[in-house]
Amino acid sequence: MSDNLPPCPQCAGEYTYEMNSLMVCPECGHEWARGEAAGEGSAAGAGARVVKDAVGNVLGDGDTVTVVKALKVKGSASGIKAGTKVRNIRLVDGVDGHDIDCRIEGFGAMQLKSSVVKKA
């Protein structure tokens, strides 16, 4: 499987694998977009796509955001309340407009839409 996948641009590891729209190196933990060349870095991917929150602020990887409206969560009786802070977000090309990958205390890993959060 790794014969047709590129090596890691950071450590040149050969055991890379594909996870959604990203390539991942299990040896060093580096993640990059599949089309990204080894010398380009993540700046090329960030310039092509701009993700804005509910009020128009530009979001970036590692930002802290606040949920602006209550969200129902499948399998949970309570859901996520408005005002919940989410730290260290990661921007992804998700399904159905879910473009934020994050971990919320009490709920675990999940994806959110940028239209329901505000930059903190």
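See above for the structure.
One numbering rule holds for all chains: residues counted from 1, following each sequence as written. Only residues with pLDDT of at least 70 are given local features in this predicted model, and only at 80 or more are side-chain atom pairs given and counted; all residues enter the totals for whole chains, interfaces and linings. The side-chain quantities take in all heavy atoms of the structure and omit both hydrogens and water.

A. Here's a closer look at the sheet that holds strand β7 (residues 85-86). Note on pairing: DSSP must find at least two bridges between two strands before they are called paired. Labels follow the DSSP assignment, with helices taken as runs of H or I lasting at least four residues and strands as runs of E lasting at least two, numbered in each case from the N terminus. Spatially, the three strands line up as an open sheet ordered β7-β6-β11, and their pairing is antiparallel. Looking at which strands have only one partner, the edges of the open sheet turn out to be β7 and β11 (117-119). Bridging between strand β6 (residues 65-67) and β7 involves two bridges; their strand directions are antiparallel. By the bridge assignment, valine 65 is partnered in β7 with valine 86.

B. Representation of the sheet that holds strand β1 (residues 17-19) within the structure. The sheet built from three strands is open, its strands ordered β1-β2-β3 with antiparallel pairing. Across the chains shown, the open sheet's two edge strands, defined by having one partner strand only, are β1 and β3 (31-33). Direction aside, the axes of adjacent strands within the sheet are offset by 40° on average. Of the pairings in the sheet, the one linking β1 to strand β2 (residues 22-24) comprises three bridges and is antiparallel in character. Note that in β2 the partner of glutamate 18 across the bridge is methionine 23. Note on definitions: angles span 0 to 180 degrees between N-to-C directions of axes, and those axes are lines fitted to C-alpha atoms, for helices only across the stretch in contact.

C. Broad picture of the environment of glutamate 18. Note on placement: glutamate 18 falls in strand β1. Taking the C-alpha atoms as reference points, glutamate 18 and glutamate 31, separated by 13 residues in sequence, lie 9.5 Å from one another. Working rule for contacts: check all heavy atoms of both residues, and any pair within 4.5 Å makes them a contact. Setting aside chain neighbours within four positions, we find glutamate 18 in contact with Leu5, Met23 and Arg34.

D. Inspection of the side chain of aspartate 99 at higher detail. As for its position among the elements, aspartate 99 is in the loop between β8 (90-91) and β9 (100-104). At 3.0 Å, the side chain of aspartate 99 forms a polar contact with the backbone nitrogen of serine 114. In this structure, aspartate 99 is in contact with Arg49, Val51, Arg90, Leu91, Val92, Gly94, Leu112, Lys113 and Ser114, ignoring residues within four places of it in sequence. Under this definition, polar contacts are N or O atom pairs within 3.5 Å; protein pairs additionally need one hydrogen-donor-capable and one acceptor-capable atom, and for neighbouring residues in sequence, both atoms have to be side-chain atoms.

E. A look at the environment of leucine 22. Within the secondary structure layout, leucine 22 lies in strand β2. Residues leucine 22 and aspartate 93, spaced 71 residues apart in sequence, show a C-alpha to C-alpha distance of 9.2 Å. In this structure leucine 22 touches Tyr17, Glu31, Trp32, Ala33 and Arg90, once residues within four positions along its chain are discounted.

F. Spotlight on the pairing of strand β10 (residues 108-112). As defined by bridge partners, β9 adjoins β10 across five bridges and the pair is classed as antiparallel. Of the residues in β10, the one forming a bridge with isoleucine 104 is glycine 108. A loop of three residues connects β9 with β10, the two strands running antiparallel in sequence, and glycine 106 in this loop sits at a positive phi of about 90°.

G. Just unusual backbone geometry, in detail. Of note, the phi angle at alanine 12 is positive, near 65°, even though the residue is not glycine. Secondary-structure assignment places alanine 12 in the segment before β1.

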